[in-house]
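Observations on the model geometry
Chain residues, written in single-letter form:
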Amino acid sequence: QVRRPIEERGLIPRGSRVLCACSGGPDSAALLFVLARLASDLAFEIEAASVDHGLRAEAARDVAIAAQQSAAVGVRFHALQVEVERRPSLQAQARAARYEALLHLAAARSAVRVAVGHTRDDQAETVLLRLIRGTGLHGLGAIDPDREDGVIRPLIDCDRAAVHRLAREQFREIADDVSNSDLRFERVRIRAHVMPL
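Per chain, the residues get numbers from 1 upward, laid out in the order the sequence is written. Since the coordinates come from a predicted model, pLDDT governs what is reported: local features require at least 70, and pairs of side-chain atoms require 80 or more to be given and counted, while whole-chain, interface and lining totals use all residues. Side-chain figures throughout are based on the complete set of non-hydrogen atoms in the structure, without hydrogens or water.

Here we take up the pattern of salt bridges. By convention in these notes, a salt bridge is any Lys or Arg side-chain nitrogen within 4 Å of a carboxyl oxygen on Asp or Glu. Tallied over the full model, the rule gives 11 salt bridges. We note a salt bridge from arginine 17 to glutamate 45, for which the minimum N-O separation is 2.9 Å. Within this pair, whereas arginine 17 is found in strand β1 (residues 17-21), its partner glutamate 45 is found in strand β2 (residues 45-52), the two being separated by 28 residues in sequence. Of the residues examined, arginine 17 reaches a relative accessible area of 21% and is grouped as partly exposed. Residue burial is assigned from relative accessible area. The probe radius is 1.4 Å, only protein chains are included, and a residue is buried under 20% of its type maximum, exposed over 50%, and partly exposed in between. A residue is classified by how much of its surface remains accessible, and glutamate 45, at 44% relative accessible area, is partly exposed. Of the charged contacts in the structure, one is a salt bridge between glutamate 47 and arginine 17, with a shortest N-O distance of 3.7 Å. With glutamate 47 in strand β2 and arginine 17 in strand β1, this residue pair connects regions lying 30 residues apart in the sequence. Taking the relative accessible area as the measure of exposure, glutamate 47 reaches 7% and is therefore buried. Put simply, Arg17, Glu45, Glu47 and Arg109 are held in one network by salt bridges that share partners. A run of H or I in DSSP becomes a helix once it reaches four residues, and a run of E becomes a strand once it reaches two; helices and strands are each numbered from the N terminus.

Encoded structure:
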């Protein structure tokens, strides 16, 4: 489910370096494990990075968990810190700061791709969010598996339950970001109340 989209969509050029974004959570842990397993067969190098946004007391612990996961699969790890202003749309600002930091590190490390752990479930949630907000045909395309800036989503054809199961099978410790269950956030409400229906 991961190798096929990488090959069919040309997500990772042979001989290239990939930076895997790791939060310590189950999606990115599974992504890290799978990319580390595929790197030799598909002829690419992999490094990992985790970003501390300074927004949660537990964030430093999550970065440490991501570092442990990287060490367990033999992948070089980078810890990054960013500052995010506490204004409305905090999640969007944190996301923008995270991508900026990851893409900056990727350029410094000569990595041509930044891999993130979005799944098929994230894709479905994004379509619903855009429908609710009002969108055209382009918006219904939702999450692009292969962005022009080099960000890729190798897990986009995988379902979240299978991804989480793999992560928990392979790693002793998985980070738990409590904001993923905070109903103040629209995506969390979609995930908790709309998707099950």
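Resuming the write-up.
As a further point, take the sheet that holds β2. Pairs of strands are assigned from DSSP output, requiring at least two bridges between the strands. Strand order in the open sheet made by the 5 strands is β3-β2-β1-β4-β5, with parallel pairing throughout. In this open sheet, the two strands that pair with only one neighbour each are β3 (76-81) and β5 (151-152). With 3 bridges joining them, β1 and strand β4 (residues 113-115) adopt parallel strand pairing. Bridging from a neighbouring strand, leucine 19 pairs with valine 114 of β4. Packed on one face of the sheet, helix α2 (residues 26-38) meets β1, β2 and β4 and runs near 160° to β1. Residue contacts follow a heavy-atom distance rule, with two residues in contact if any of their heavy atoms lie within 4.5 Å. For every element, the axis is a line fit to its C-alpha atoms; helices are fit only across the contacting stretch, and the angle between N-to-C directions ranges from 0 to 180 degrees.

What follows concerns the pairing of β2. Burial of β2 is extensive: 7 of the 8 residues sit out of reach of the surface. Taken together, the 5 bridges between β1 and β2 define a ladder with parallel strand orientation. Bridging across to β2, cysteine 20 finds its partner in alanine 48. A crossover connection joins β1 to the parallel β2 through α2; in handedness this β-α-β unit is right-handed. Bridge count between β2 and β3: 6 bridges; the pairing is parallel. Convention used here: a crossover is right-handed provided that the path from the first strand, over the helix, to the second strand proceeds clockwise when the strands point away from the viewer.

Moving on, we get to helix α5 (residues 120-133). Every helix has an expected span of 1.5 Å times one less than the residues it contains. When the terminal C-alpha atoms of α5 are compared, their 20 Å separation across 14 residues agrees well with the 20 Å that a helix rising 1.5 Å per residue should span. Taken residue by residue, α5 has Asp122, Gln123, Glu125, Thr126 and Leu129 as its buried positions. Down the axis of α5, the buried set is contained in an arc of 165°. They therefore lie on one face. At the exit of α5 stands glycine 134, carrying a positive phi of roughly 95°. Arc definition: directions from the helix axis to the C-beta atoms.

Structural measurements only, silent on function.
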